[in-house]
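Here is how the chains run, residue by residue.
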Amino acid sequence: MRLRELGFRVDEFSDGWPDRAMTATAHEAVRQVLSARDVDELVADRGLRMPAFRMARDGKPVNPRHYTLESGSGTAPAIGQLADPDGIARQLGRGSTLVLQGLQRFHPPAGALARSLARELGARIFVNAYLTPDSAQGFAEHTDPYGAFLVQLTGAKRWQVRPSAAAPLEEVVLRPLDVLWLPAGWFHAGVALPGGPSVHLTLAVNPLPLTDVVTAITEDLMRQVDGETLPPLPTDGARQVLEREVERLAARLRTALEGVDAGELARVLLARGAEGAGAPAGRVSAALGLVPPDAPSDLAAAGGDGG
């Protein structure tokens, strides 16, 4: 599933991350990323453990002891803060919002969506799902350090957004398949409208930091000097010796910079961005030798990255 399925064009992001809120209409296929059956399976059968989920009501977090449990056999350490389906259901009945965090890590359709967008935008994509009961509000007005696509799947949610605390509020109502691009740093708060629960996905866009580029460039030099040490630093001439070694190392760094293969570096960085959305299905079983490394996974057989 690509950017166009969210209702946006690549050229809208070609000159930088948009600094204004924008709306679009997503393709019907977006609904397949998370269904009611998926939610039940994730909460009841996957053994989710915090922080893969959390709950909030009226702008405040709900104490995890109300919706988590502990599991242990007596012969092994107990596993704590596991999802308690009954507790979560009770809190939803009281108007709490359930958040499934990092959904791309444990729900294959979300992972496929995240990897596809990561390759297209050259950024790490993280997927959260927000399930809010009828007329309820989970979180108070806040900002996030990343831009995000808010994709409405079920119900309707009224958002109040503004670029700064001093700016007037703008109201945006999202209904099924509506998408809102919200720039990083914008204030926002959402309330589910009467008539039914609201379910939306937040696709957080984390651009690759320039420090990652610098690190990738210097990794080859790091490998070259691995195991090397400074020579003896005599008491009387330590500074001169150290200056000479720094100059030598700087010269090696300049040589490394001149030899950078920009194409290969771009490939590596884009691959890292996609990997931030979770590994493709089949990698572990292939490593174990259960299936050939080039065998198609179930997900690939069903349509690849969902695009």
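Just so you know, these numbers come straight off a predicted model, no measurement behind them.

In this section: the nonpolar core. Of all hydrophobic cores here, the largest spans 48 residues; its most connected members are Phe8, Leu103, Phe149, Leu201 and Leu203. The greatest single-element share of this core, amounting to 6 residues, is contributed by helix 3 (residues 108-121). If we ignore the near neighbours within four places in the chain, the residues touching Leu201 are Val33, Leu34, Leu103, Val127, Asn128, Ala129, Phe149, Leu150, Val151 and Leu153. If you look at the next biggest cluster of nonpolar residues, it comprises 9 residues, including Ala148, Val161, Leu180 and Leu182.

This next bit is on the sheet that holds strand 12 (residues 187-192). Read across the sheet, 3 strands follow the order 10-9-12 without closing on themselves; strand pairing throughout is antiparallel. Here the strands that pair on one side only, and so sit at the sheet edges, are strand 10 (170-174) and strand 12. Mean inter-strand twist for the sheet, computed between neighbouring axes without regard to direction, equals 20°. Inspection of the sheet shows strand 9 (residues 157-162) paired to strand 10 by 5 bridges, in the antiparallel sense. When the sheet's bridge partners are listed, Trp159 is paired in strand 10 with Val172.

Looking now at the packing of helix 4 (residues 210-225) against helix 5 (residues 238-258). Packing of helix 4 against helix 5 leaves a shortest axis separation of 9 Å and a crossing angle of 135°. Here helix 4 lies oblique to helix 5, going by the angle between them. Between helix 4 and helix 5 the crossing geometry is right-handed. Note on element contacts: helix 5 touches helix 4 through Leu249, Arg252, Leu253 and Leu257, opposite Ile217, Thr218, Leu221, Gln224 and Val225. Residues belonging to the contact of helix 4 with helix 5 are distributed by class as follows: 6 nonpolar, 2 polar and 1 charged.

This paragraph deals with the pattern of salt bridges. Applying the stated criterion to the full structure yields 12 salt bridges. Residue Arg4 pairs with Glu5 through a salt bridge whose shortest N-O separation is 3.3 Å. Accessibility expressed as a relative area gives 56% for Arg4, which makes it exposed. For Glu5, a relative accessible area of 14% puts it in the buried group.

It is worth spelling out the packing of aromatic side chains at this point. Summed over all chains, the structure comprises 9 aromatic pairs. Summarising the aromatic geometry, the rings of Phe8 and Phe13 are spaced 6.1 Å apart at their centres and angled 80° between planes, so their arrangement reads as edge-to-face. Centre to centre, the rings of Phe13 and Trp17 are 6.3 Å apart; their planes meet at 70°, and the pair counts as edge-to-face. By relative accessible area, which is 36% here, Trp17 ends up partly exposed. Members of the aromatic cluster, connected to one another through ring pairs, are Phe8, Phe13, Trp17, Phe149 and Trp181.

A contiguous nonpolar surface patch, about 340 Å² in accessible area, is contributed by Leu230, Leu233, Leu242 and Val246. Under the relative-accessibility criterion, Leu233 is labelled partly exposed at 42%.

Each value, and the rule that gives it
Residues numbered from 1 in each chain as written. Predicted model: local features only at pLDDT ≥ 70, side-chain atom pairs only at ≥ 80, totals over all residues. Heavy atoms only, no water. Core = buried A, V, L, I, M, F, W, Y, C linked by side-chain atoms within 4.5 Å. Buried < 20%, exposed > 50% of the residue type's maximum accessible area, 1.4 Å probe, protein only. Helix = DSSP H or I, 4+ residues; strand = E, 2+ residues; numbered from the N terminus. Contact = heavy atoms within 4.5 Å. Pairing = 2+ DSSP bridges. Axes fitted to C-alpha atoms, helices over the stretch in contact; angles between N-to-C directions. Parallel < 35°, antiparallel > 145°, perpendicular 65-115°, else oblique. Left-handed = near helix turned anticlockwise from the far one by under 90°. Nonpolar A, V, L, I, M, F, W, Y, C, P; charged D, E, K, R; others polar. Salt bridge = Lys/Arg side-chain N within 4 Å of Asp/Glu carboxyl O. Phe/Tyr/Trp six-rings, centres within 6.5 Å; stacked < 30°, edge-to-face > 60°. Patch = residues over 30% accessible without salt bridge, like charges linked within 9 Å, V, L, I, M, F, W, Y side chains within 5 Å. Areas by Shrake-Rupley, 256 points an atom, 1.4 Å probe, with all protein chains shown as cover.

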